[in-house]
Amino acid sequence: KPLQQPREPRRAIGARAHVRTARSHVTSDGASAMPAAALPQGAASPLSAGHARGEQVETRTMAWPQAGFIIFAFAAPSGVVGVSYSVGMAGLLGGPLICLVLTAASIGGSIMLLHMRMAFRDAHTLGDLGFKVLGKPGKIWGDCVQLGNFVLFLPVALLLCATALEGVADIASFKGCADYYIFVVAAFCLLTTQMRTLRNTQVLSVISVTTVFGIAMLMGVAAVKYDVGSTRKPAQFFGNPDTNAAVGFANALLGTTTVAWCYVPAFLTVELATCMRQPDSLKKSLYLSGVLNVIVYIGVGVVVVARWGFDVSDPIMFTPVWVTTDESIKKTLNALLLIGNFVSYMLDSVPLGRYCQCMLKPNFADTWSAQDCFTYFLCTLPTFLFGLFMSIAVPNLFVLLAFTTALTVPWVTQIYPATLYWKLYVSNRDPALLGNNTPKITGLEKMGIATVFFIGVVSFSVCFAAAIEKVANAEVRGPSQIGCGSWIMWKG
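Residues numbered from 1 in each chain as written. Predicted model: local features only at pLDDT ≥ 70, side-chain atom pairs only at ≥ 80, totals over all residues. Heavy atoms only, no water.

## Points about the overall build of the protein
Here's step 1: In terms of regular secondary structure, the protein is built from 19 helices and two strands.
Here's step 2: Burial status across the protein gives 57% buried among its 492 residues.
Here's step 3: Considering only residue pairs separated by 6 or more positions, the protein has 80% of its internal contacts joining residues 24 or more positions apart.
Here's step 4: Of the roughly 19,500 Å² of accessible surface on the protein, a fraction of 68% belongs to carbon and sulfur atoms. (Helix = DSSP H or I, 4+ residues; strand = E, 2+ residues; numbered from the N terminus. Buried < 20%, exposed > 50% of the residue type's maximum accessible area, 1.4 Å probe, protein only. Contact = heavy atoms within 4.5 Å. Areas by Shrake-Rupley, 256 points an atom, 1.4 Å probe, with all protein chains shown as cover.)

Next comes the structure, spelled out in structure tokens:
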């Protein structure tokens, strides 16, 4: 539960007095703030309406259901088409069990971040919390794993949007070249970046959640309607029955990786708390998003694998039986995927774009005048152009996704939160940071922190091994090339 501490003494002067004044404005939900050194006054919040912290923080209007939908919509549109592969490769019982464990650990890590965010009200990002607890190394660590994921996922999101567009509209002049579709969707993805704050994404996030359940229903209908016949290979309860042991093992690892990156609430926990009327109600958002994640994973994955067998592709559209489905089902699913992945790109790029604006134009007025819109547009261009370049230049974006998952997801969702929380509330317990009335952490709570950390370490080990297998095993890696059509530069 959020820690309640006395306000700073009235004798605070100078910068401390300024911090106290800022916090009294931010903590209007009734919970008092922890005494702590303020972040530099020139620093900017990626989610603030203006260019400074403290009094400049935007009016918070988001309620917990909307925050829950945003958390779920962050990765679900791209993940929903891979859950059947995950269940098929990890097993009818193994897949759901992994999903439950990782979902619970991710929620636990996010609740730790929320507690620390309630303690340090002038911390608006993951790196801010790291600075409060571990100093500059903590900020560098937090910014690297969070922003690194945002940057490296951009090219994958562009590819997913392009693939969905190709499924909706087969443009003859493109001759099946995926790169041309990437150029088309890139312009629309850049426009979504201009939303500026997560508060402005609430309506689109609800639409995205709707598309996810629409996709789930279409896959369920297709699984029931179409039978693979004698080619069906029944799934196992644990693992998969692939006759090639090396390939089966690699796919089992990659199935676990899919579970890991499909639900990543910690990437947005601190930022969403900044936007909410009652930040402590974000717990409800986490529980809501977690339940939605489990429902989609088990509901879709188990049904499809039970009908079509274990050998379902990732994404499901590459499965041979899917090619035989009605064109109306395929086009509708791709249309929903296009909408959902546009929103995923937006949720990934909005905090990243705001961070770039804070670094490049810290005194940005943040109005909707033509000049400010153009200024913000220019601030978001560097990361957009990097993502566009990577989407064309990287031979296999799913290999990039595997390494991005291993090097960022377990760290942000479990390892980083558990490390900060243990340092702050167990090993450190510095009165200068926490005040004199800090509740004692019980043995059961310590065990919970250690469990989340341990699950994160195991998740990292499995995801990293899966990434290595993705590179080393050609059958698992799939086709790789730079360029397409008449301008293929490399193919392997």
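Moving on, there is more to tell.
## Here we look at empty space enclosed by the protein
Here's step 1: Applying the stated rule across the entire model yields six cavities of 30 Å³ or more.
Here's step 2: Taken as a whole, the largest cavity encloses approximately 130 Å³ of empty space.
Here's step 3: As for the largest cavity, its lining consists of 13 residues, and the residues nearest its centre are Phe74, Asn149, Phe153, Trp261 and Val264.
Here's step 4: When residues of the lining of the largest cavity are traced back to their parent elements, those giving at least two are helix 7 (136-168) and helix 16 (397-428).
Here's step 5: Tallying contributions element by element places helix 16 first for the lining of the largest cavity, with four residues. (1 Å grid on protein atoms, 1.4 Å probe; cavity = no way out; pocket = protein on both sides within 12 Å on 5 of 7 lines; lining within 4 Å. Points joined across faces, edges and corners; volume = space filled by probe spheres on them.)

## Describing unusual backbone geometry
Here's step 1: That bond from Asp314 to Pro315 is cis: its omega, 0°, falls within 30 degrees of zero.
Here's step 2: Assignment of secondary structure puts Pro315 in the loop between helix 12 (282-308) and helix 13 (320-323).
Here's step 3: Even without being glycine, Lys175 reaches a positive phi, approximately 55°.
Here's step 4: For Lys175, a relative accessible area of 75% gives the class exposed.
Here's step 5: A positive phi angle is found at Asp366, which is not glycine, with a value near 60°.
Here's step 6: Note on placement: Asp366 falls in the loop between helix 14 (327-360) and helix 15 (370-393).
Here's step 7: Take Asp366: its relative accessible area is 13%, and that puts it in the buried class.

## Re the state of the cysteines
By definition, a disulfide links two cysteine residues through a covalent bond between their sulfur atoms.
Here's step 1: This structure, assessed with the given rule, holds one disulfide.
Here's step 2: One disulfide bridge connects Cys177 with Cys484, the sulfur atoms lying 1.5 Å from each other. One end of the pair, Cys177, is in the loop between helix 7 and helix 8 (178-193); the other, Cys484, is in the loop between strand 1 (481-482) and strand 2 (490-491), and 307 residues separate them in sequence. For the pair shown, Cys177 and Cys484 are each scored as buried.
Here's step 3: Looking at Cys99, it has no disulfide partner, and the nearest cysteine sulfur is the one in Cys262, 8.4 Å off. (Disulfide = S-S within 2.5 Å.)

## Quick look at the packing of aromatic side chains
Here's step 1: With the rule as written, the count across this model stands at 15 aromatic pairs.
Here's step 2: Seen from their ring centres, Trp141 and Tyr416 are 4.8 Å apart, and the 90° between their planes marks the pair as edge-to-face. Residue Trp141 is found in helix 7, and its partner Tyr416 is found in helix 16; the two are separated by 275 residues along the sequence.
Here's step 3: Under the relative-accessibility criterion, Trp141 is labelled partly exposed at 25%.
Here's step 4: Using a relative accessible area of 0% as the deciding quantity, one classes Tyr416 as buried.
Here's step 5: With centroids separated by 5.2 Å and ring planes inclined at 65°, the aromatic side chains of Trp411 and Phe460 adopt a geometry described as edge-to-face. Of this pair, Trp411 sits in helix 16 while Phe460 sits in helix 18 (residues 443-472), placing them 49 residues apart in sequence.
Here's step 6: In this structure Phe460 comes out as partly exposed when scored by relative accessible area, which is 23%. (Phe/Tyr/Trp six-rings, centres within 6.5 Å; stacked < 30°, edge-to-face > 60°.)

## With respect to helix 15
Because each turn of an α-helix spans 3.6 residues, side chains separated by three or four positions end up pointing in the same direction.
Here's step 1: Helix length check: helix 15 (24 residues) gives 34 Å between terminal C-alpha atoms against 34 Å at 1.5 Å per residue, within 8%.
Here's step 2: Those residues of helix 15 that fall on the buried side of the exposure criterion are Asp372, Thr375, Tyr376, Cys379, Thr380, Thr383, Phe384, Gly387, Leu388, Met390, Ser391 and Ile392.
Here's step 3: Against helix 7, helix 8, helix 14, helix 16 and strand 1 lie the buried residues of helix 15. (Expected span 1.5 Å × (residues − 1).)

## A word on a nonpolar patch on the surface
Here's step 1: Nonpolar side chains collect at one region of the surface, where Leu93, Leu97, Val101, Phe237 and Phe238 lie side by side and expose about 500 Å² of accessible area between them.
Here's step 2: Positionally, Phe237 belongs in the loop between helix 9 (202-225) and helix 10 (245-262). (Patch = residues over 30% accessible without salt bridge, like charges linked within 9 Å, V, L, I, M, F, W, Y side chains within 5 Å. Salt bridge = Lys/Arg side-chain N within 4 Å of Asp/Glu carboxyl O.)

## A closer look at the environment of Asp227
Here's step 1: As for its placement among the helices and strands, Asp227 is situated in the loop between helix 9 and helix 10.
Here's step 2: Considered as a pair, Asp227 and Arg307 are 80 residues apart in the sequence and their alpha carbons are 7.2 Å apart.

## Regarding the pattern of salt bridges
Pairs can form between side chains of opposite charge once their charged atoms are near each other.
Here's step 1: Inspection of the entire model under this criterion finds seven salt bridges.
Here's step 2: Residue Asp366 is joined to Arg196 by a salt bridge in which the shortest nitrogen-to-oxygen separation is 2.6 Å. With a gap of 170 residues between them, Asp366 in the loop between helix 14 and helix 15 and Arg196 in the loop between helix 8 and helix 9 connect regions that are remote in the sequence.
Here's step 3: Taken together, the shared-partner salt bridges connect Asp128, Lys139 and Asp143 into one network.

## Thoughts on the confidence of the model for the protein
Here's step 1: Averaged over all residues, the pLDDT of the protein equals 84, while 86% of them reach at least 70.
Here's step 2: Scored below 50 in pLDDT, residues 40-58 makes 58 contacts in the model with residues more than four places away or belonging to other chains. (pLDDT = per-residue confidence, 0-100.)

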